[in-house]
Amino acid sequence: MSTTAVDVPVLERMIAAASAAPSVHNTQPWHFRFVPDTGTLEVRAAPERGLRHIDPAGRALHVSVGCAVLNLRVAVAHHGWEPVTRLLPLPGRPDLLATVRLARAAGGTSLPDLYEVLWHRHSSRFPFSRQPLPPSLLAEFGDAAHAEGALLWFPEPPETARVLQATREAEHRNTADADRAAESRRWVRAAEHSHLGVPAAALGVQDFRDHVPTRDFGAHRHPAVLEARPYEARPLIAVLCTPHDRRADWLRAGQALERVLLTATAHGVRASLLHQALEWPDLRRHLRSPAGGLRGHPQMVLRLGYGPQGPASPRRTAHDVLTRA
């Protein structure tokens, strides 16, 4: 039995990198455990921070944890190891979503060096500019998703309108549903009082024309309360999907999502996540293209463009989320 020696500061920095990942409502629904005898980091779900009404099946929780797994892999590779990753390694342990073993690097990794970028990735819930993204960049985003076993679909304008309409309908349902509205409100936090949730400064603004249906975390639509500005008239929308829809696919979707987001950040492209339609089964099915443009199961809707970076949301520290065996 060999023991992998990892300096405590390096271990904590890798866990901090994993925790910098995005998560639904910034719930950060993960725990980590390091097993030095095998040099393995266990990634566990934190169901107590799940969203019972918004995400009853736990799909968004798995996608969130998948984002953290991708960041952890990037950090492990950056510090000189090869991240050997297994998803759902023990059927009898449903809370153990992934393991990442720190293996001896044998000459390179398939992961791009996105370590410095991951500290600067933030969701931007603000209007973007009219400047279009070059086709070569969209292809790079597609390659990033494909490398993690997912597909990134850029719908044409008629399909984009349909995706936005489904998102708008979902947002209206969410604000009308008392349980879901209350659950969203609970995760709006003062940054100085919590390391979880979305601070008011990161909520962004509403679209004055209601063309881009951003989430109303306050679950109320009142013009005197919510700041509104016009968003881009032709938003660039992408839909991330997977061939199947099992728990492992949700984790793969999270890794693909984060790889796309980090690639975008490296190129100065901002992103916001339009998750609302995925929270209603009938609207999630509606995201599929009737013309066959989207095959598979939608896991996330992204809005991409050039614009303000957006403020950072708080994160729990490595001491909060790491257990040593």
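The notes below deal with the structure included here. Note that the structure is predicted; figures quoted are calculated from it, not measured.

Let's shift gears to the side chain of Gln 299. When you line up the elements, Gln 299 lands in strand S12 (residues 297–305). At 2.9 Å, the side chain of Gln 299 and the side chain of Thr 242 are in polar contact. Beyond its immediate chain neighbours, meaning those up to four positions away, Gln 299 contacts Arg 59, Leu 240, Cys 241, Thr 242, His 244, Asp 245, Trp 250, Ala 253, His 275, Leu 278 and Arg 284.

Turning next to the packing of aromatic side chains. Overall, the coordinates contain 1 aromatic pair when judged by the stated rule. Seen in terms of ring centroids, Tyr 115 and Trp 119 are 5.7 Å apart; in terms of plane orientation they differ by 90°. Their pairing is edge-to-face. Under the relative-accessibility criterion, Trp 119 is labelled partly exposed at 24%. Over the ring of Trp 280 we find Arg 173; its NZ or CZ atom is 5.2 Å from the centre of that ring.

Moving on: the sheet that holds strand S4 (residues 96–104). The 5 strands lie next to each other as S3-S4-S2-S1-S13, forming an open sheet whose pairing is mixed. This sheet does not close on itself; its edge strands, each paired only once, are strand S3 (81–87) and strand S13 (322–324). With strand direction ignored, the average angle separating the axes of adjacent strands in the sheet is 20°. Contacting strand S1 (30–35), strand S2 (40–45), S3, S4 and S13, helix H1 (residues 8–19) crosses the sheet at an angle of about 155° to S1. Lying on the sheet, helix H2 (residues 59–78) is in contact with S1, S2, S3 and S4; it crosses S3 at an angle near 160°.

With that settled, consider empty space enclosed by the protein. This structure, assessed with the given rule, holds 2 cavities of 30 Å³ or more. Looking at the largest cavity, the residues that line it are His 120, Arg 121, His 122, Ser 123, Leu 261, Ala 264, Thr 265, Val 269, Arg 270, Ala 271, Leu 273 and Gln 309. Of the volumes computed, that of the second largest cavity is approximately 60 Å³. In terms of lining, the second largest cavity is formed by 10 residues, of which the most central are Asn 174, Thr 175, Ser 184, Arg 215 and Asp 216.

Procedures and definitions
- Residues numbered from 1 in each chain as written.
- Predicted model: local features only at pLDDT ≥ 70, side-chain atom pairs only at ≥ 80, totals over all residues.
- Heavy atoms only, no water.
- Helix = DSSP H or I, 4+ residues; strand = E, 2+ residues; numbered from the N terminus.
- Polar contact = N/O pair within 3.5 Å; in protein donor to acceptor, adjacent residues only side chain to side chain.
- Contact = heavy atoms within 4.5 Å.
- Phe/Tyr/Trp six-rings, centres within 6.5 Å; stacked < 30°, edge-to-face > 60°.
- Buried < 20%, exposed > 50% of the residue type's maximum accessible area, 1.4 Å probe, protein only.
- Lys NZ or Arg CZ within 6 Å of the ring centre and 35° of its normal.
- Pairing = 2+ DSSP bridges.
- Axes fitted to C-alpha atoms, helices over the stretch in contact; angles between N-to-C directions.
- 1 Å grid on protein atoms, 1.4 Å probe; cavity = no way out; pocket = protein on both sides within 12 Å on 5 of 7 lines; lining within 4 Å.
- Points joined across faces, edges and corners; volume = space filled by probe spheres on them.

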